[in-house]
Amino acid sequence: MPLLSRRFARVLLHVVVLFLYISCGNSFVIKSSTTSSSWVLSPNKDGADGVKFSNHNNKMRYHRTKKSQGYDDDTFQQSTRFMSSASDHNSQTNSRRQFFQRVLVTTASAAAAVAVPSSPAQAMNSKSRSIGYDVQKSEKEWESQLSSMQYYVLRNGGTERPYSSILEGEERLGIYKCAGCGTALFDSKEKFHSGTGWPSYARGLAGVEVEAVNPVQASLVGAELRCKTCGGHLGDVFQDGYLFVGTPAFTSGKRFCIDGAALVFEPDANGEKTVAGDLPPPKKDSTPDWLSTPKITPTTI
């Protein structure tokens, strides 16, 4: 799951929890007691004592209230009528609140599931990766042709860890092709740095197959991308391109989040070698300047 999606889910989770706290913290006038046949009127903000009663057959039965608090007959009857009316009104109110609470809790649970970082996951699309595609091979043939990471991504629908592919930082002009069958998938002109740790593109070429999902799923969790020729898993496409101002994704409105291991890069420049995306990025020299070996410049006398 891309980093931006997790951040959005965390924000959504916080908003839902805050709304639950505000709406449910002190809002119930009548609260259900331990038994289903009795109700308790909570103390109000001024600290006035509440009244406990049972509602068997819609009859109000107070427990030692009249005697303990010194109510006269008129006051007691008025209180009874008021409490009966308040019970009916608040029972309906509580039912509505409970419904919205269940909706909010469900939303919060979904947001929490998305917000929690997870280990590399597998695509949930149940469609076959062989049937209906032009290039079909046995699993043993794919295993012998691909590296372990390429096979994990392309044939098992796996996800590589962020910043684990050399292609994430690739900036040369060229074409990105499928590591399984060589189909052209992305143009380097559509590539941009999303900050998610995976190679990102604003648009795909004709060789990219987009999973057919409903608009809600496409907006919330994205859609799977496959190679249209061999059915290999590539990554996912998300409808959040407008967040990346100044990039090609801002105009397309989409972000193609791709596993580098599913690609090979062919530079446009003659003589430059093809780069396999399952290779790790080059290690940066983290040695501080004061520990580096000083350069000696020879001089002539």
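Up top is the structure.
Residues numbered from 1 in each chain as written. Predicted model: local features only at pLDDT ≥ 70, side-chain atom pairs only at ≥ 80, totals over all residues. Heavy atoms only, no water.

Student: Explain the nonpolar core to me, using residue names and the numbers behind them.
Tutor: Judged by nonpolar contacts, the single largest core of 27 residues is most densely connected at Leu185, Phe186, Leu234, Phe256, Ile258 and Leu263. Every element with two or more residues in this core is listed here: helix H5 (148-154), strand S5 (174-178), strand S6 (184-187), strand S10 (223-227), strand S11 (233-238), strand S12 (255-258) and strand S13 (263-267). Aside from chain neighbours lying at most four places away, what touches Leu263 is Leu167, Tyr176, Lys177, Ala179, Leu185, Phe186, Tyr201, Ile258, Ala276 and Gly277. (Core = buried A, V, L, I, M, F, W, Y, C linked by side-chain atoms within 4.5 Å. Buried < 20%, exposed > 50% of the residue type's maximum accessible area, 1.4 Å probe, protein only. Helix = DSSP H or I, 4+ residues; strand = E, 2+ residues; numbered from the N terminus. Contact = heavy atoms within 4.5 Å.)

Student: Residues and numbers for the pattern of salt bridges, please.
Tutor: Evaluation of the coordinates by the stated rule reveals eight salt bridges. Of the charged contacts in the structure, one is a salt bridge between Arg203 and Glu190, with a shortest N-O distance of 2.9 Å. One end of the pair, Arg203, is in the loop between strand S8 (200-201) and strand S9 (208-210); the other, Glu190, is in the loop between S6 and strand S7 (191-192), with 13 residues separating them in the sequence. Classification of Arg203 as partly exposed rests on a relative accessible area of 35%. Among the salt bridges present, the one from Arg226 reaches Glu224, with a minimum N-O distance of 3.3 Å. Overall, Arg226 belongs to the buried group, its relative accessible area being 1%. For Glu224, a relative accessible area of 3% corresponds to the buried category. Several salt bridges share partner residues, and in doing so they unite Arg129, Glu224 and Arg226 into one network. (Salt bridge = Lys/Arg side-chain N within 4 Å of Asp/Glu carboxyl O.)

Student: Account for the sheet that holds S10, naming residues and giving values.
Tutor: Neighbouring strands of a sheet are bound in pairs by backbone hydrogen bonds; such pairs are parallel or else antiparallel. Pairing in this open sheet of six strands is antiparallel, and the strands run S7-S8-S12-S11-S10-S9 from one edge to the other. Where the open sheet ends on each side, the last strands, each with one partner, are S7 and S9. Note that S7 and S8 share two bridges and pair antiparallel. Residue pairing across strands places Lys191 opposite Tyr201, the latter belonging to S8. (Pairing = 2+ DSSP bridges.)

Student: I'd love a proper account of the environment of Glu224, names of residues and values included.
Tutor: Summarising the element assignment, Glu224 is placed in strand S10. Sequence-wise, Glu224 and Gly235 are 11 residues apart; in three dimensions their C-alpha atoms are separated by 6.0 Å. Among the polar contacts made by the side chain of Glu224, one reaches the side chain of His233 at a distance of 2.8 Å. (Polar contact = N/O pair within 3.5 Å; in protein donor to acceptor, adjacent residues only side chain to side chain.)

Student: Break down the state of the cysteines for me, citing the residues and quoting the values.
Tutor: Evaluation of the coordinates by the stated rule reveals zero disulfides. No disulfide involves Cys227; its sulfur sits 3.5 Å from that of Cys181, the nearest cysteine. (Disulfide = S-S within 2.5 Å.)

Student: Go over the sheet that holds S6, please, and point to the residues and values.
Tutor: Reading across from one edge, S6-S5-S13-S14 is the order of the four strands in this open sheet, with antiparallel pairing throughout. What marks the edges here is a single partner per strand, and that holds for S6 and strand S14 (275-276). Where S13 and S14 come together, two bridges link them in antiparallel fashion. When the bridges of S14 are listed, Val264 appears paired with Ala276.

Student: How would you sum up the environment of Ala206? Please name residues and give values.
Tutor: Within the fold, Ala206 resides in the loop between S8 and S9. A sequence separation of 21 residues divides Ala206 from Cys227, and the C-alpha atoms of the two residues are 9.6 Å apart.

Student: I'd like a rundown of the pairing of S10, residues and numbers included.
Tutor: Across the five residues that make up S10, a large majority, five, are buried. Both S9 and S10 contribute to a ladder of three bridges, which runs antiparallel. By the bridge assignment for S10, Val208 is matched with Cys227. The turn linking S10 back onto S11 is made up of five residues, and Gly231 within it adopts a positive phi angle of 80°.

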